[in-house]
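A look at the structure
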Amino acid sequence: REVEILMFLSAIVMMKNRRSITVEQHIGNIFMFSKVANAILFFRLDIRMGLLYLTLCIVFLMTCKPPLYMGPEYIKYFSDKTIDEELERDKRVTWIVEFFANWSSECQSFAPIFADLSLKYNCLGLHFGKVDVGRYTDVSTRYKVSTSPLTKQLPTLILFQGGTETMRRPQIDKKGRAVSWTFSEENVIREFNLNELYQKAKKQSKPREEGPEEPPGLQAAAGHPDGEPKKDK
């Protein structure tokens, strides 16, 4: 019986890891389902040991949260009061905005990828932004991003051109369910045509530039005197 339980959980881990995009996600899935297997085996051996193990797991999950990404990025952080104003400020600017929640493991895994994309592609006419819909629930309602614990819509990437949404990933089907989509760097570049958007934004912004444009990787350091990315928290 124990072998059947382990085989079943191993199959679930393999299915879950198909959507994982980082080594940390793969390892996290393995550890999570290992805890589930241990809990089941402890309950089968002795219900008191099972309850003790389950209690320890809950305490661990509540107290030991994964660290937030604190690396370099060129991303503007919106609040519920600034997002609409910023999107409407200059309609010549194209925005790629991530709607995220700090408690979502998928959002945490995607954070370094989105930061790296912002360093590579940010320019005068193409900006990257983030808004915490776990904190600003009215923003999630306004932009129709579900924040329920079982949602598949976190993170959500939305492309705004001329202040208007033109596409989003993951897409939402007719039944209101999120279509499965892998948040890898390659998928974001391909689906959002980042290379084309970047070249187009550079051409449109040339008349507004006072000097030669620097490579996108250097703009993150040049955006502020101290070399830090601009943020609006």
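The preceding data block contains the structure.
Since the structure is predicted, the reported quantities are computational estimates derived from the model, not experimental observations.

Thresholds applied
Sequence positions are assigned chain by chain, starting from 1 and proceeding in written order. Local features in a predicted model are, by the rule used here, given only for residues with pLDDT of at least 70; side-chain atom pairs are given and counted only at 80 or more, and totals for whole chains, interfaces and linings are based on all residues. Think of the side-chain values as coming from all heavy atoms in the structure, minus any hydrogens and water. The way it works is that DSSP assigns letters per residue, a run of H or I at least four long becomes a helix, a run of E at least two long becomes a strand, and they are numbered from the N terminus. For every residue, the accessible area obtained with a 1.4 Å probe (protein chains only) is divided by the maximum for its type, and the residue is called buried under 20%, exposed over 50%, and partly exposed between those limits. Pairs of residues are marked as contacts when any of their non-hydrogen atoms sit within 4.5 Å. The rule for pairing is simple: two strands pair if DSSP sees at least two bridges between them. To obtain an axis, a line is fitted to C-alpha atoms, over the contacting stretch when the element is a helix, and the angle between two such axes runs from 0 to 180 degrees between their N-to-C directions. For salt bridges, the criterion is a side-chain nitrogen of Lys or Arg within 4 Å of an Asp or Glu carboxyl oxygen. Counting of polar contacts relies on pairs of N or O atoms within 3.5 Å, with two restrictions inside protein: one atom must be capable of donating a hydrogen and the other of accepting it, and residues adjacent in sequence are counted only when both atoms are side-chain atoms. Two aromatic rings, drawn from Phe, Tyr or Trp (for Trp, its six-membered ring), form a pair once their centres lie within 6.5 Å of each other, and the interplanar angle then sorts them: stacked below 30 degrees, edge-to-face above 60, tilted otherwise.

Moving on: the overall build of the protein chain. Secondary structure summary: the protein chain contains nine helices and five strands in total. Listing every helix and strand of the protein chain by position from the N terminus yields α-α-α-β-α-β-α-β-α-β-β-α-α-α. Per-residue burial for the protein chain yields a buried fraction of 40% across its 233 residues. The long-range share in the protein chain, meaning contacts at least 24 apart out of those at least 6 apart in sequence, stands at 66%.

Right, let's get into the sheet that holds strand 2 (residues 94-100). The five strands are arranged 1-3-2-4-5 in an open sheet whose pairing can be described as mixed. Edge strands, defined here as strands with exactly one partner in the open sheet, are strand 1 (76-78) and strand 5 (164-169). Between one strand axis and the next, the sheet turns through 30° on average, direction left out of account. Note that strand 4 (residues 156-161) and strand 5 share five bridges and pair antiparallel. Bridging across to strand 5, Leu-159 finds its partner in Met-167.

Let us look at the pattern of salt bridges. Here the structure, examined in full by the defined rule, presents 14 salt bridges. A salt bridge links Asp-46 to Arg-48, with the nearest nitrogen and oxygen atoms 3.3 Å apart. Look at Asp-46 and you get partly exposed, because its relative accessible area is 22%. Two residues, Arg-190 and Glu-191, come together in a salt bridge whose shortest N-O distance is 4.0 Å. On the accessibility criterion, Glu-191 (26% relative accessible area) is partly exposed. A single salt-bridge network, built from bridges that share partners, covers Asp-84, Asp-138 and Arg-142.

This part covers the side chain of Arg-168. Note on placement: Arg-168 falls in strand 5. Take Arg-168: its relative accessible area is 12%, and that puts it in the buried class. Here Lys-144 takes part through its backbone oxygen, which lies 3.2 Å from a polar atom of the side chain of Arg-168. Other than its neighbours up to four places away in sequence, Arg-168 contacts Tyr-143, Lys-144, Val-145, Thr-156, Leu-157 and Ile-158.

Bringing the packing of aromatic side chains into the picture now. The tally for this structure, following the rule as stated, stands at eight aromatic pairs. A ring pair is formed by Phe-99 and Tyr-143, whose centres lie 5.3 Å apart and whose planes are at 45°; its orientation type is tilted. Of this pair, Phe-99 sits in strand 2 while Tyr-143 sits in the loop between helix 6 (137-142) and strand 4; the two residues are 44 residues apart in sequence, bridging distant segments of the chain. Taken individually, Phe-99 and Tyr-143 each receive the classification buried, so the pair is uniform in this respect. Each residue in the set Phe-110, Phe-114, Phe-128, Trp-181 and Phe-183 is aromatic and connected to the rest through ring pairs, giving one cluster.

Remember that the coordinates give geometry; whether it matters functionally is a separate question.
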